[in-house]
Amino acid sequence: AALAQAKSYSRLSVGGEKRTPFCGMGVCQECRVNINGLRVLACQTLCQQDMKVETQ
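Residues numbered from 1 in each chain as written. Predicted model: local features only at pLDDT ≥ 70, side-chain atom pairs only at ≥ 80, totals over all residues. Heavy atoms only, no water.

(A) Just the pairing of strand E3 (residues 32–35), in detail. Burial of the side chains of E3 is restricted to one face: Val33 and Ile35 are buried, whereas none of Arg32 and Asn34 on the reverse face is. The pairing of E3 with strand E4 (residues 38–41) spans 4 bridges and is classified as antiparallel. Following the sheet pairing, Asn34 is matched in E4 by Arg39. Turn length for the E3-E4 hairpin, with the two strands adjacent in sequence and antiparallel, is 2 residues, and the turn residue Asn36 shows positive phi of about 55°. Of the strand pairs in this sheet, E3 and strand E5 (residues 53–55) are connected by 3 bridges, and their pairing is antiparallel. In the sheet register, Val33 faces E5, and the bridge partner there is Thr55. (Buried < 20%, exposed > 50% of the residue type's maximum accessible area, 1.4 Å probe, protein only. Helix = DSSP H or I, 4+ residues; strand = E, 2+ residues; numbered from the N terminus. Pairing = 2+ DSSP bridges.)

The following block contains the structure:
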């Protein structure tokens, strides 16, 4: 889902570099998004109806 977004990145690193979802394994910490106002790992969060997902 994150890759389908218009942006080609999901967050910025501490140094300001663009980061993208990479492995989908849930161990890289690169897939953080806001879901319903909470910052979570996208690849470890089950999809539910009416979720509001925003990239960082």
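(B) Fine view of the sheet that holds E3. Across the sheet, 3 strands lie side by side as E4-E3-E5; this open sheet has antiparallel pairing. Of all strands in the sheet, those with a lone pairing partner are E4 and E5, marking the two edges. Between one strand and the next, the sheet's axes are offset by a mean angle of 40°, whatever the strand orientation. (Axes fitted to C-alpha atoms, helices over the stretch in contact; angles between N-to-C directions.)

(C) Geometry of unusual backbone geometry. Although it is not a glycine, Asn36 sits at a positive phi angle of roughly 55°. Here Asn36 lies in the loop between E3 and E4. Take Asn36: its relative accessible area is 52%, and that puts it in the exposed class. Even without being glycine, Asp50 reaches a positive phi, approximately 70°.

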